[in-house]
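# Coordinate inspection notes
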Amino acid sequence: MNASLLSSQDQQLYALIDQLSQLTSHTVGRSLNNTIIVPDSRVSGQHARLTACTPSTFLLEDLNSKNGTFVDGVRITRKFVDRTNTIQLADTTLSIDDLLAQVRETAPVSVAPPSATIVSHQPESVGSSKQVPLDFSSDFAALESVYRQYPQLKRACRQREKMIRTGSVILSSVVGISAVVASGGTALSLLQVMSSAGLSVLVPTLCSTFLSTDEKLELIDKEYRDRYRCPNAACRDPFGTREWDMLAQQKTCRRCQAVWVH
């Protein structure tokens, strides 16, 4: 492949990252000009803003509302939330799914896929002759990229240009990204590939100017904690700071006996 073609593809990848870094936000409130309308007299006209940071994490901001925005019972001004949190606007209690279900059709369509949960495949039944019971070897192998990308993203996120360069290097190594770029793919198709490739889905958000450096670091830590765990959905034992290579040598989960490496 010649240098000019590589340069062209690099430019397209940069453009897609920049497009995705323009995060989708929705205003929430009682007024009809919001993209998410909450018909509660105690909810302010423009009460809050919800911004999609990743397919699984959103930033919820209170817009100086009179009766407050609460997450899990605690009043907030600006906080990351996901589908495990309970959100309260004045007297109305909602989940992330409740809010997103009320997005008006005229609102901008988010590039994030509707599913925000991290799904690990379930092993085939014990009677299967093709797979070992509790075999999560492919899911565990995918966690290597989570472990490797974590320090890279933490180092790069403080400067946007450095983050874009680091992000493009990370994305270039993801299987399928080159095909998306070469085919003139959209930001949505790029995001769909990124969503299953370690922490690379964070790259556009970390390139955004919307979040502070501290918020970016918090988001990286949150996604790392959520993903870097035993891939058995019935276990989900957190790996913390344990090196992926050491866990690979261990081969199985001592808690649930899931097979990580054959």
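Just above sits the structure.
Residues numbered from 1 in each chain as written. Predicted model: local features only at pLDDT ≥ 70, side-chain atom pairs only at ≥ 80, totals over all residues. Heavy atoms only, no water.

Looking now at the overall build of the protein. Scanning the protein from N- to C-terminus turns up 9 helices and 9 strands. The burial tally for the protein puts 48% of its 262 residues in the buried class. Considering only residue pairs separated by 6 or more positions, the protein has 53% of its internal contacts joining residues 24 or more positions apart. Per element, the accessible surface of the protein, about 13200 Å² overall, is 52% carbon and sulfur. (Helix = DSSP H or I, 4+ residues; strand = E, 2+ residues; numbered from the N terminus. Buried < 20%, exposed > 50% of the residue type's maximum accessible area, 1.4 Å probe, protein only. Contact = heavy atoms within 4.5 Å. Areas by Shrake-Rupley, 256 points an atom, 1.4 Å probe, with all protein chains shown as cover.)

Our next topic: the side chain of threonine 54. Within the element layout of this structure, threonine 54 appears in the loop between strand 3 (48–52) and strand 4 (58–62). At 3.0 Å, the side chain of threonine 54 and the backbone nitrogen of serine 56 are in polar contact. Sequence-distant contacts of threonine 54, that is, excluding residues within four places in its chain, are made with Leu202, Thr205, Leu219 and Glu223. (Polar contact = N/O pair within 3.5 Å; in protein donor to acceptor, adjacent residues only side chain to side chain.)

Here we take up the packing of aromatic side chains. Considering all chains together, one arrives at 8 aromatic pairs under this definition. Here the guanidinium or amino end of arginine 78 rests over the ring plane of phenylalanine 210, the centre of that ring lying 5.0 Å away. (Phe/Tyr/Trp six-rings, centres within 6.5 Å; stacked < 30°, edge-to-face > 60°. Lys NZ or Arg CZ within 6 Å of the ring centre and 35° of its normal.)

Core analysis: the largest hydrophobic core is formed by 39 residues, its most contacted members being Phe140, Leu153, Met163, Tyr228, Cys230, Phe239 and Trp260. Among the elements of the structure, helix 1 (3–20), helix 3 (137–156), helix 4 (160–172), helix 7 (203–206), helix 8 (213–227) and helix 9 (244–250) are those that each provide at least two residues to this core. By residue number, the principal contributor to this core is helix 3, which donates 7 residues. Residues in contact with phenylalanine 140, not counting those within four places in the same chain, are Pro231, Phe239, Trp244, Leu247, Ala248, Trp260 and Val261. (Core = buried A, V, L, I, M, F, W, Y, C linked by side-chain atoms within 4.5 Å.)

What follows covers the packing of helix 3 against helix 4. The interhelical angle for the contact between helix 3 and helix 4, taken along N-to-C directions, is 160 degrees, at an axis separation of 9 Å. Of the possible angle classes, the one that applies to helix 3 and helix 4 is roughly antiparallel. Contacts from Gln149, Gln152, Leu153, Arg155 and Ala156 of helix 3 reach helix 4 at Lys162, Met163, Thr166 and Ile170. In terms of residue class, the contact of helix 3 with helix 4 is built from 4 nonpolar, 3 polar and 2 charged. (Axes fitted to C-alpha atoms, helices over the stretch in contact; angles between N-to-C directions. Parallel < 35°, antiparallel > 145°, perpendicular 65-115°, else oblique. Nonpolar A, V, L, I, M, F, W, Y, C, P; charged D, E, K, R; others polar.)

Turning our attention to the sheet that holds strand 5 (residues 69–71). Strand order in the open sheet formed by 4 strands is 6-5-8-9, with antiparallel pairing between adjacent strands. The open sheet terminates on both sides in strands that have one partner only, identified here as strand 6 (74–76) and strand 9 (92–94). Each adjacent strand pair in this sheet contributes to an overall mean axis angle of 30 degrees, direction not counted. Note: strand 8 (residues 87–89) against strand 9, 3 bridges, orientation antiparallel. Looking at the pairing, glutamine 88 lines up with threonine 93 of strand 9. (Pairing = 2+ DSSP bridges.)

Within strand 3, 4 of the 5 residues are buried, which leaves the element mostly enclosed by the surrounding structure. Two strands pair when backbone bridges link them, and strand 1 (residues 25–29) and strand 3 are joined in this way by 4 bridges, in the antiparallel orientation. Residue pairing in the sheet places threonine 27 in a bridge with arginine 49 of strand 3. The pairing of strand 3 with strand 4 spans 5 bridges and is classified as antiparallel. In the strand pairing of strand 4, leucine 50 is matched with leucine 60. Count of turn residues in the strand 3/strand 4 antiparallel hairpin: 5 residues.

Moving on to the side chain of serine 137. Structurally, serine 137 can be placed in helix 3. Separated by 2.8 Å, the side chains of serine 137 and aspartate 135 make a polar contact. Once residues within four sequence positions are removed from consideration, serine 137 is found in contact with Val259, Trp260 and His262.

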